[in-house]
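Structural description and commentary
Single-letter residue listing:
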Amino acid sequence: MHLILLGAPGAGKGTQGALLAERLGIPKLATGDILREAVRNGTELGREAKQFMDAGELVPDHVILGLVRELLASPAAEQGVIFDGFPRTIAQAEALETILGDLGRGVDAVVLIDVPDRTIVQRMSGRRTDPETGEVYHIVSNPPPPEIAPRVIQRVDDREDTVQRRLDVYRQSTAPLIGFYERAGLPIERVDGTQEIERVQAEISRRLAR
Ligand code: AP5
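Residues numbered from 1 in each chain as written. Predicted model: local features only at pLDDT ≥ 70, side-chain atom pairs only at ≥ 80, totals over all residues. Heavy atoms only, no water.

Taken together, the neighbourhood of the ligand is formed by 37 residues, with Thr15, Glu57, Arg88, Arg127 and Arg166 sitting nearest. Between the ligand and the protein, one listed contact pairs an oxygen atom with a backbone N or O atom of Tyr137 at 2.7 Å. Residue Arg166 places a side-chain N or O atom 2.6 Å away from an oxygen atom belonging to the ligand. Protein contact buries 96% of the 1000 Å² of open area that the ligand shows by itself. Among the elements of the structure, helix 1 (13–24), helix 2 (31–41), helix 6 (117–126), strand 6 (136–138) and helix 9 (197–209) are those that each provide at least two residues to the shell around the ligand. Examining the composition of the shell around the ligand, we find that 4 residues originate from one element, helix 2, more than from any other. The class makeup of the residues in the shell around the ligand is 14 nonpolar, 13 polar and 10 charged. (Near = heavy atom within 4 Å. Polar contact = N/O pair within 3.5 Å; in protein donor to acceptor, adjacent residues only side chain to side chain. Areas by Shrake-Rupley, 256 points an atom, 1.4 Å probe, with all protein chains shown as cover. Helix = DSSP H or I, 4+ residues; strand = E, 2+ residues; numbered from the N terminus. Nonpolar A, V, L, I, M, F, W, Y, C, P; charged D, E, K, R; others polar.)

This part is about the pattern of salt bridges. Summed over the entire model, instances satisfying the criterion amount to 18 salt bridges. Salt-bridge contacts for Asp84 lead to Lys28; the nearest nitrogen and oxygen are separated by 3.3 Å. Of this pair, Asp84 sits in strand 3 (residues 81–84) while Lys28 sits in strand 2 (residues 28–30), and the two are 56 residues apart along the sequence. Judged by relative accessible area, which is 9%, Asp84 ranks as buried. The exposure class of Lys28 is partly exposed, given its relative accessible area of 26%. Overlapping salt bridges, with partners in common, bring together Arg127, Arg155, Asp157, Asp158 and Arg166 in one network. (Salt bridge = Lys/Arg side-chain N within 4 Å of Asp/Glu carboxyl O. Buried < 20%, exposed > 50% of the residue type's maximum accessible area, 1.4 Å probe, protein only.)

Written out as structure tokens, the structure reads:
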């Protein structure tokens, strides 16, 4: 299965993607996580991406597409992939069709996790990540266990002004993908992302089982 998780920054794509990956036994391809790791490791990719990420802008399509092409060709992706944070522009979605088509595959489902802006801002300000495992927490709704709490960190792009810019970029560049997939005949499974994490997961699973 090739499943795309769409939604604004902080809608819960990463959280739900991790649960789905475990349940479906296929990897999650999160371009944001890959880029953040490259930044941490100081690689060429990381150096190229950092300025865009810190400003809340999108990393150029050619950088992202090189990355995705390589990952989709790997044996780990043979049974399918959960896309978290990709595609993010119409150009990326068109390129994904070509890449998957060349591999004899295609997109099976698109899930849109719906969350209003005011909730997004609350979520971003409380989000914390474990730098050792990449696990994502929230100081109120999903707190880290006591042994992990001292080492969690806040993302640079979770500052309020950068979050606002990321929301604008989402509306401009990524939200048009909803129409793109509808026109392509793929139904968009809209899920209320304001529910508790487990409920959101249950709703996604129900929709996918139909
Ligand atoms: P990326 O890492 O993809 O960021 P994003 O899309 O902005 O999404 P987030 O990771 O912020 O949020 P999420 O929806 O995964 O929510 P999460 O589960 O963490 O991208 C970062 C940057 O990298 C981009 O700005 C861009 O520069 C670059 N980039 C990445 N991909 C790119 C691409 N394809 N093209 C170009 N550039 C790219 O949840 C958020 C918080 O809420 C957490 O604290 C969580 O615990 C909590 N939470 C989750 N669900 C719930 C719930 N149901 N109830 C209460 N709390 C919840």
